[in-house]
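# Fold and contact review
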Number of protein chains: 2
Amino acid sequence: MNLKQLAKELNLSISTVSKALDDSHEISEKTKSKVLEAASKHNYTPNPYASGLRKKRSNTIGVIIPEVADNFFSLAINGIQSIAENKGYHLLIYLSHDKYENERRIVEDCANGRVDGVLISISAETISAEHLLRLQKENVPLVFFDRALDDFEAAKVLTNDFESGYLSAKHLIENGCKRPMFLSFSECLTMCENRANGFLAALDDFKISSNEIVPIMYCSRKEEESYKQIQDLCNSNDRPDGIVASVEKLAMQLYLVCQDSAVSIPNDLKVVAFSTVEIAPILNPSLTTITQSAFEMGRVAAENLFKGIESKNFNLNQQVVVIPSKLIKRQSTSRYK
Amino acid sequence: MNLKQLAKELNLSISTVSKALDDSHEISEKTKSKVLEAASKHNYTPNPYASGLRKKRSNTIGVIIPEVADNFFSLAINGIQSIAENKGYHLLIYLSHDKYENERRIVEDCANGRVDGVLISISAETISAEHLLRLQKENVPLVFFDRALDDFEAAKVLTNDFESGYLSAKHLIENGCKRPMFLSFSECLTMCENRANGFLAALDDFKISSNEIVPIMYCSRKEEESYKQIQDLCNSNDRPDGIVASVEKLAMQLYLVCQDSAVSIPNDLKVVAFSTVEIAPILNPSLTTITQSAFEMGRVAAENLFKGIESKNFNLNQQVVVIPSKLIKRQSTSRYK
C-alpha cells in the first residue's frame with residue numbers, strides 16, 4: 001500500500017491524504033480521522049524520505065564527534081538523546097576519528113538535506129571553518145559542543161577549560177610538585193590550548209621555573225605512539241613529578257605505563273586528568289579528575305539546536321553557554337600514599 | 001542548482017543526468033564526464049534522500065543497541081564503522097535504552113526505507129520477534145550481534161557465552177571459592193541466560209552445593225537500584241566469596257560498593273567480569289575478565305550485512321558466527337593478595 005493507492009481507495013487527492021497524515025491545519029478533523037483509519041487498516045506508514053522531502057524535514061539531527069569509545073562523548077550522546085527522543089527525532093551519529101578530511105566529507109553530507117541540524121565536536125585537526133560555512137549557507141542550524149572553532153560565530157556549549165587547567169596545576173603545586181607537566185593531545189584545538197594556557201598561567205603565578213623548556217608534551221593521536229612517548233617520559237632522567245592529562249585516554253595510558261615501569265603514583269608522580277569516568281574512585285590509586293558535565297553539555301547543546309530548528313526568530317548563533325567543570329581530589333595527587 | 005537546472009543547462013533529460021551521476025551502465029562515458037564536469041563546476045551534489053528514492057538505496061545502515069556508554073558497544077561500533085566507511089555507508093545509531101517499546105518503534109522506522117540494513121543487539125526486555133518480522137517482510141537485511149533472539153532464524157554474530165560462564169565459575173572454584181554467585185542483568189536475554197547456565201553447570205560438575213538456593217541474583221537495570229542490591233548483598237551475613245558479573249557495569253558497581261563497605265577484593269570476595277575495558281589492569285585490584293572481541297564482532301556483523309545487501313543470492317539468514325571470548329586472570333581472583 002502506498003500513498004497513491006491509499007488516496008485512490010479514499011477517493012481523495014494524494015496531497016490531501018499526505019497533509020492529513022502530517023496533521024495539517026488545512027484538513028478537516030473528519031477527513032483526518034477517515035485517512036488515519038484507512039492508513040491504520042492497511043498498516044500504512046509513510047516512507048520517511050518521501051515524507052521528509054514533502055515536509056522538507058528529515059526529523060534527524062547529525063551528531064559529529066571524533067570518537068565514540070570515550071566516556072565524555074558517550075555520556076554527551078545520552079544527553080543529546082534525552083532531548084531528541086522527546087522531539088521524535090533520530091540521531092545520525094558520525095565519527096570523524098579526529099581527521100579533518102573525514103569531518104569535511106561528513107559535514108558536506110549533512111548540508112545536503114540529510115539532517116535538520118548539526119551538533120559537532122570538531123576533530124583535533126580542524127583549524128578552518130570553510131566546511132561549516134556550507135551548513136550556514138544551507139540554513140542548517142549548527143551547535144558546537146566541547147570542541148569549538150574559536151573565531152567562528154556559532155552557538156557553542158563549552159566548559160571553563162582555562163580555569164580548569166589553572167586549577168589542576170595549582171592543585172599539583174600545592175601538593176608539592178616542583179616540575180609539573182601537561183600532556184596535550186592537539187596543537188590545534190582551542191579547547192586543548194585553553195587547558196594548556198591555564199596550566200602555564202598557574203606555573204607563572206606560583207613562580208615555577210621551567211628551565212627554559214615549556215613543560216608541555218604533545219602526544220600522538222596514534223595509541224601505540226603516545227604510549228611510547230609516555231613510556232620514554234616516565235623512564236627519562238628528568239621525569240616530571242606531576243602530570244595533568246588533557247584527556248582521559250592519556251591518563252589511562254600513563255597509569256598502565258607507571259604500573260609496568262614501577263613508577264609509584266602519587267609518591268613518584270602525581271596525576272590529574274580531564275575525565276568523566278565514573279570509575280575514577282576504583283582505579284589504583286583513585287584518580288583526581290577535572291570532571292566535565294558531559295551529559296548536561298549534550299543536553300543543553302541539543303536544546304539550543306532544537307530552538308534553532310523550530311524558530312527562525314531565535315538567534316541561535318549568539319548562544320554561547322559555559323558549563324563549569326569540577327576538580328575532584330583523590331589519591332593520585334595526595335601528598336603521601 | 002538542482003537536478004532540473006543542471007539537466008537544462010546540459011540539454012539532457014533529468015533521467016539521463018541522474019543516471020550519469022549514479023554511474024549507470026546505460027550512459028556513455030562521454031556523457032558521464034560531461035555531466036560530472038558540470039556538476040562539479042556548479043558545486044552540485046544530489047539531495048541524498050531524493051537520490052535514495054531514485055536508487056531505492058539510503059546508503060545508511062541502522063545500528064540498534066541498548067546503550068552507547070558501554071565499552072562493548074562503543075568498540076563494536078568502531079568495528080562496524082571500519083566496514084561501513086569503506087562501502088561509503090553511514091551509520092544511523094539508535095539507542096533502545098534496554099526497553100522493548102523503544103526498540104519496536106525504532107525497528108518500525110528502519111522498516112520504512114530509512115536504512116538498507118539493520119544490525120541489532122536486542123534490548124534486555126525483548127522476548128518476541130514480531131517487530132523484526134516486519135524487516136524481513138520488507139526485505140531489509142538483518143544481523144544480530146552479541147544479543148540475539150534464540151529461536152528466530154536470522155544472521156547472528158555471537159560469542160561462546162555458556163562456555164565462558166562455565167570457565168569463570170571453574171576459575172573461582174579452583175582459586176578457593178565455596179559460595180560463588182552470578183550477577184545477572186536480564187531474565188529474558190538468551191545471552192545472559194547462557195552465561196548463567198554455564199556458571200551453574202560448573203557448580204554442578206564441581207559439586208558445589210547451593211543450599212537449595214539458586215546462586216543467581218537478578219539485578220535491576222536502574223543504576224541506583226542495582227547499586228542498592230549489590231550493597232545489601234555485600235553487607236549480608238551470607239555474602240558470597242566469589243562473584244561473576246555478567247556485564248561490566250555490575251562489576252564497576254561491585255568495586256565501588258566493596259570500597260565503601262571495606263570488603264577486600266580478592267581476600268573477602270573474588271571477582272570475574274564479562275568486560276572489554278582496557279583499564280582492567282589498572283583497577284584496584286586489577287580485574288579478571290572474560291574479554292569479548294567487541295571490535296571483531298561488530299566488524300564481522302557488518303561484513304555479513306553488506307553481503308546480504310549487495311547480493312540477493314547470499315543466504316544471509318544462515319550465517320551464524322561464534323567468536324570466542326578469553327579469560328584473562330588478574331588480581332581480583334588471586335588466592336591471596
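If you're wondering where the values come from, they're calculated on a predicted model, not measured in any experiment. (Residues numbered from 1 in each chain as written. Chains lettered and ligands numbered in written order. Predicted model: local features only at pLDDT ≥ 70, side-chain atom pairs only at ≥ 80, totals over all residues.)

For these two chains of identical sequence, chain A goes onto chain B by a turn of 180° and a shift of 0.0 Å along the axis, with RMSD 0.1 Å. In short, the pair behaves as if placed about a two-fold rotation axis. Here 100% of the interface residues in chain A have copies in chain B that are interface residues too; the copies meet face to matching face. (Least-squares fit on C-alpha atoms with pLDDT ≥ 70 in both. Contact = placed C-beta atoms within 7 Å.)

Here we come to the environment of Cys192(A). All names here are of chain A. Within the element layout of this structure, Cys 192 appears in helix H9 (residues 190-205). Classification of Cys 192 by C-beta neighbours within 10 Å gives buried; the count is 22. A C-alpha to C-alpha distance of 53 Å links Cys 192 and Ala 39, two positions 153 residues apart in sequence. Every residue in contact with Cys 192, bar those within four places of it in the chain, is listed here: Ser 184, Phe 185, Ser 186 and Ser 246. (Helix = DSSP H or I, 4+ residues; strand = E, 2+ residues; numbered from the N terminus. Buried ≥ 20, exposed ≤ 12 C-beta atoms within 10 Å, placed from the backbone.)

All right, on to the nonpolar core then. A general feature of soluble globular proteins is that nonpolar side chains tend to end up buried together. Ranked by internal contacts, the top residues of the largest apolar core, which has 96 residues, are Val63(A), Leu119(A), Val63(B) and Leu119(B). In this structure, Val63(A) is in contact with Ile77(A), Ile80(A), Leu91(A), Leu92(A), Ile93(A), Tyr94(A) and Leu119(A), ignoring residues within four places of it in sequence. Counting 82 residues, the second-largest nonpolar core is a separate cluster that includes Ala245(A), Val247(A), Leu283(A) and Leu250(B). (Core = buried A, V, L, I, M, F, W, Y, C linked by C-beta atoms within 7 Å.)

All names here are of chain A. Most of strand E9 (residues 270-274) sits inside the fold, with five of its five residues counted as buried. Every second residue of E9 is oriented toward a common face, with Lys 270, Val 272 and Phe 274 on one face and Val 271 and Ala 273 on the other, all of them buried. Of the pairings in the sheet, the one linking strand E8 (residues 242-245) to E9 comprises four bridges and is parallel in character. Bridged to Ile 243 within E9 is Val 271. Once the chain exits E8 it traverses helix H11 (residues 248-261) before rejoining the sheet at E9, and the crossover so formed is right-handed. Sheet topology note: the E9/strand E10 (residues 288-291) ladder contains three bridges and is parallel. Looking across to E10, one finds that Phe 274 is bridged to Ile 290. (Pairing = 2+ DSSP bridges. Right-handed = clockwise from strand over helix to strand, strands pointing away.)

So, about the confidence of the model for chain A. Taken over all residues, the pLDDT of chain A has a mean of 90, while the share at 70 or more is 95%. In the predicted assembly, ipTM is 0.75 and pTM is 0.80. (pLDDT = per-residue confidence, 0-100.)

A few words now on the interface of chain A and chain B. Across the contact, 36 residues belong to chain A and 37 residues belong to chain B. Only helix H4 (48-55), helix H5 (71-86), strand E2 (90-95), helix H6 (100-114) and H11 of chain A provide two or more residues apiece to the side of chain A that touches chain B. At six residues, the largest contribution of residues to the side of chain A that touches chain B is made by H5(A). Of the residues that constitute the side of chain A that touches chain B, the class distribution is 19 nonpolar, 13 polar and four charged. (Nonpolar A, V, L, I, M, F, W, Y, C, P; charged D, E, K, R; others polar.)

A separate point is the domain arrangement of chain A. Often, the extent of an interface is quoted as the loss of accessible area on bringing the components together. According to the domain assignment, chain A contains domain 1 (3-54), domain 2 (60-159 + 294-322) and domain 3 (161-291). The C-alpha centroid of domain 3 of chain A is placed 60 Å from the C-alpha centroid of domain 1 of chain A. (Domains from an automatic or database assignment.)

Time to look at the environment of Ser123(B). Residue and element names in this part refer to chain B. Inspection of the secondary structure puts Ser 123 in the loop between strand E3 (117-120) and helix H7 (130-137). Between the C-alpha atoms of Ser 123 and Lys 99, which are 24 residues apart in sequence, the distance is 5.8 Å. Here Ser 123 is in contact with Pro 66, Ser 96, Asp 98, Lys 99, Tyr 100 and Glu 103, once residues within four sequence places are set aside.

This part is about helix H8 (residues 161-174) of chain A. Residue and element names in this part refer to chain A. Compared with the 20 Å implied by 1.5 Å per residue over 14 residues, the 20 Å span of H8 between its first and last C-alpha is a close match. Along its buried surface, H8 packs onto strand E6 (180-184), H9, E8, E9, E10 and strand E12 (326-328). Just beyond H8, the residue with positive phi is Gly 176, at close to 105°. (Expected span 1.5 Å × (residues − 1).)

Through backbone hydrogen bonds, the strands of a sheet pair up, either in parallel or in antiparallel fashion. Residues and elements named next belong to chain A. Spatially, the six strands line up as an open sheet ordered E2-E1-E3-E4-E5-E11, and their pairing is parallel. Of all strands in the sheet, those bounded by a partner on one side alone are E2 and strand E11 (320-322). Direction aside, the axes of adjacent strands within the sheet are offset by 15° on average. The sheet contact formed by strand E4 (residues 142-145) and strand E5 (residues 155-158) spans three bridges and is parallel. Bridge assignment links Phe 144 to a residue of E5, and that residue is Lys 156. (Axes fitted to C-alpha atoms, helices over the stretch in contact; angles between N-to-C directions.)

Right, let's get into unusual backbone geometry. At the junction of Asn284(A) and Pro285(A), the peptide bond is cis and its omega measures out at -5° in the coordinates. Phi at Asn139(B) is positive, roughly 55°, even though this residue is not glycine. Within the secondary structure, Asn139(B) sits in the loop between H7 and strand E4 (142-145). We classify Asn139(B) as exposed; it has 9 C-beta atoms within 10 Å. Positive phi, normally seen in glycine, also occurs at Asp146(B), with a value near 65°. Summarising the element assignment, Asp146(B) is placed in the loop between E4 and strand E5 (155-158).

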